Amino acid sequence: LLRRREEDGHRSIIHGDFKAANIFFGRRETASDTPRSTADAPSAAPAAMIDFQWSGVGVPETDVAYLLLSSAAMPVLDDVEPFLRGYYEEFVVHAGRGNADSAGDESYALPSYDQFLRDFKLAVVDYARVVVGYQWQGAKATWMSTRKDELGACTHNRSLPHVKWFIRYVNDVLTELGA
């Protein structure tokens, strides 16, 4: 995945451990916090990422896959396509600003949605390799149930419904990719 992205230029700085436990959310402002007109809606809660020890050059879909597979609630996972489409649309809007390569070439093209989705699925397979080969080694249902309230534990390490979804989704991706 990274080699192909090096060839087409679609690389980025990635977090590398992008999960809910590594995101700090600020306090959301409400109308009662500061004087505003009644027409103003509350602002979004600011967010900051922490724990950058795995940061480096990579493909953005890696962070998207990690966040979804490790932190998303079941209703999001049960219908993941709208989330991915929405993420991609926002990505194109924001990445399109100043969309030029390092030499200033304005013809630099962003990946299509189909490319994004394929790379997301490859990132899912790569993430599954880590989860199954490292995190789940010797894991039992009782181990997961003892972690059910741990904020720092990924959902696939503390929720059996997430484990079932994870296995099913990875199997579907592998089947689709012909693996």
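Higher on the page you've got the structure.
This one's a predicted model, so the numbers in the text were calculated from it and none came from an experiment. (Residues numbered from 1 in each chain as written. Predicted model: local features only at pLDDT ≥ 70, side-chain atom pairs only at ≥ 80, totals over all residues. Heavy atoms only, no water.)

Asker: Honestly, the packing of helix H5 (residues 113-135) against helix H7 (residues 160-177) in this entry has me stumped. Any pointers?
Answerer: To describe two helices that pack against each other, one gives the angle between their axes and the distance between the axes. Between H5 and H7, the least distance of the axes is 10 Å, while the angle of their chain directions is 125°. Of the possible angle classes, the one that applies to H5 and H7 is oblique. As for the relative orientation of H5 and H7, their crossing is left-handed in sense. Taking contact as the criterion, the partners of Arg-118, Phe-120, Lys-121, Leu-122, Val-124, Val-125, Tyr-127, Ala-128 and Val-131 in H5 are, on H7, Phe-166, Tyr-169, Val-170, Val-173, Leu-174, Glu-176 and Leu-177. Partitioning the contact of H5 with H7 into residue classes produces 13 nonpolar, no polar and three charged. (Axes fitted to C-alpha atoms, helices over the stretch in contact; angles between N-to-C directions. Helix = DSSP H or I, 4+ residues; strand = E, 2+ residues; numbered from the N terminus. Parallel < 35°, antiparallel > 145°, perpendicular 65-115°, else oblique. Left-handed = near helix turned anticlockwise from the far one by under 90°. Contact = heavy atoms within 4.5 Å. Nonpolar A, V, L, I, M, F, W, Y, C, P; charged D, E, K, R; others polar.)

Asker: I keep staring at the side chain of Lys-121 and nothing clicks. Help me out?
Answerer: Its place among the elements puts Lys-121 in helix H5. Excluding anything up to four places from it in sequence, Lys-121 contacts Val-173, Glu-176 and Leu-177.

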